[in-house]
Amino acid sequence: MRDLVEESGLVIETQGLRISRRGQSLLDVPYLRLGGPGPTVILGPNGAGKSLLLRCLHGLIQADAGTVRQNGRALDAEERASQAMVFQRPVMLRRSVAGNLDFVLRRRGLNRAQRQARIAALLAEGGLPSRARQGARSLSVGEAQRLAILRALATEPEVLFLDEPTSALDPGATQAVESLVLRASARGVRIVMVTHDIGQARRLAADVVVMMGGEVVEHGPAAQVLDDPASGAVRRFLAGELIF
Ligand SMILES: Nc1ncnc2c1ncn2[C@@H]1O[C@H](COP(=O)(O)OP(=O)(O)O)[C@@H](O)[C@H]1O
Ligand SMILES: [Mg+2]
């Protein structure tokens, strides 16, 4: 049964991914396979290469060597169009909250009535109906991050990459973002999320990738990686994070 679920889901696979600058290795991931239905959380300290890896998976940067494949296919325009990404500090268009969503839906070719229905549904999903006409740039950081996720979801992606979307948020705003992400996951959107928050990994992850020094030091089911990591370095990282 597990195998069937896994096979029917989306699979992202990388091989021989390497990035170096001025003789220093920034990313060195011989092999990584992200499959299965639940959220993948990429965890690790600052500078571990999490954002670099995410950008490679989304085709935003080209590694010096290696390949990224989605369902066995190289990341061409079509595959990339099935992906969306939310950044740590999203940039909103200088227009209303609804206008930011409308911009995306218009590009997807929806007519006016379709766009209005979709905008209402998205705003309800993100708990932002009362903000529809407010300038997007005047939202609180938590609301802005939710709008960024809604804007990404408006493209109906198969995969949603999130790079530390809650690092600037308080617990309440973090919870709102996490529940939005979990609902998207439950609807079948493949989530790949970077964080340095171990609590967040516990709350969200089906599987956890731990990165250090540009390398994947551990990848497995969340409970296994977080409670019984194989590597001493990961154990120390998890312990250190709990202390601070
Ligand atoms: N364009 C770049 N040129 C040179 N070094 C970079 C570049 N982008 C990232 N780095 C370096 O690569 C390492 C990993 O960065 P990053 O992936 O952003 O880490 P993380 O997201 O885990 O905090 C860091 O040491 C960073 O300084
Ligand atoms: Mg980063």
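Quick note: structure is the one above.
Below: a short report on this structure. Given the structure is predicted, the values throughout are model-derived calculations rather than measurements.

### Examining the pattern of salt bridges
Right, on to step 1. Evaluation of the coordinates by the stated rule reveals 15 salt bridges.
Right, on to step 2. We note a salt bridge from Arg-21 to Asp-64, for which the minimum N-O separation is 3.6 Å. Here Arg-21 is found in strand 1 (residues 12-21), whereas its partner Asp-64 is found in the loop between helix 2 (50-57) and strand 4 (65-70), with 43 residues between them in sequence.
Right, on to step 3. With a shortest N-O distance of 2.9 Å, Arg-131 and Glu-143 are connected by a salt bridge. Of this pair, Arg-131 sits in the loop between helix 5 (112-125) and helix 6 (141-153) while Glu-143 sits in helix 6; the two residues are 12 residues apart in sequence, bridging distant segments of the chain.
Right, on to step 4. The network of salt bridges with common partners includes Arg-73, Asp-76, Glu-78 and Glu-79.

### A short note on the sheet that holds strand 6 (residues 83-86)
Right, on to step 1. Taken together, the 6 strands give an open sheet; going across it, the order is 6-7-8-3-9-10, and neighbouring strands pair in mixed fashion. Edge strands, defined here as strands with exactly one partner in the open sheet, are strand 6 and strand 10 (215-221). Ignoring which end each strand starts from, the neighbouring axes of this sheet average 15 degrees apart.
Right, on to step 2. Where strand 3 (residues 40-43) and strand 8 (residues 190-195) come together, 4 bridges link them in parallel fashion.

### What to know about the site of ligand 1
Right, on to step 1. Around ligand 1 lies a shell formed by Arg-21, Leu-26, Pro-45, Asn-46, Gly-47, Ala-48, Gly-49, Lys-50, Ser-51 and Leu-52.
Right, on to step 2. Ala-48 places a main-chain nitrogen or oxygen 3.1 Å from an oxygen atom of ligand 1.
Right, on to step 3. Take Gly-49: an N or O atom from its main chain is 3.0 Å from an oxygen atom of ligand 1.
Right, on to step 4. Contact with the protein chains removes 57% of the 560 Å² of surface that ligand 1 exposes when unbound.
Right, on to step 5. The element best represented in the shell around ligand 1 is helix 2, accounting for 3 residues.
Right, on to step 6. Here the shell around ligand 1 is composed, by residue class, of 4 nonpolar, 4 polar and 2 charged.

Reading the values: rules and limits
Residues numbered from 1 in each chain as written. Chains lettered and ligands numbered in written order. Predicted model: local features only at pLDDT ≥ 70, side-chain atom pairs only at ≥ 80, totals over all residues. Heavy atoms only, no water. Salt bridge = Lys/Arg side-chain N within 4 Å of Asp/Glu carboxyl O. Helix = DSSP H or I, 4+ residues; strand = E, 2+ residues; numbered from the N terminus. Pairing = 2+ DSSP bridges. Axes fitted to C-alpha atoms, helices over the stretch in contact; angles between N-to-C directions. Near = heavy atom within 4 Å. Polar contact = N/O pair within 3.5 Å; in protein donor to acceptor, adjacent residues only side chain to side chain. Areas by Shrake-Rupley, 256 points an atom, 1.4 Å probe, with all protein chains shown as cover. Nonpolar A, V, L, I, M, F, W, Y, C, P; charged D, E, K, R; others polar.

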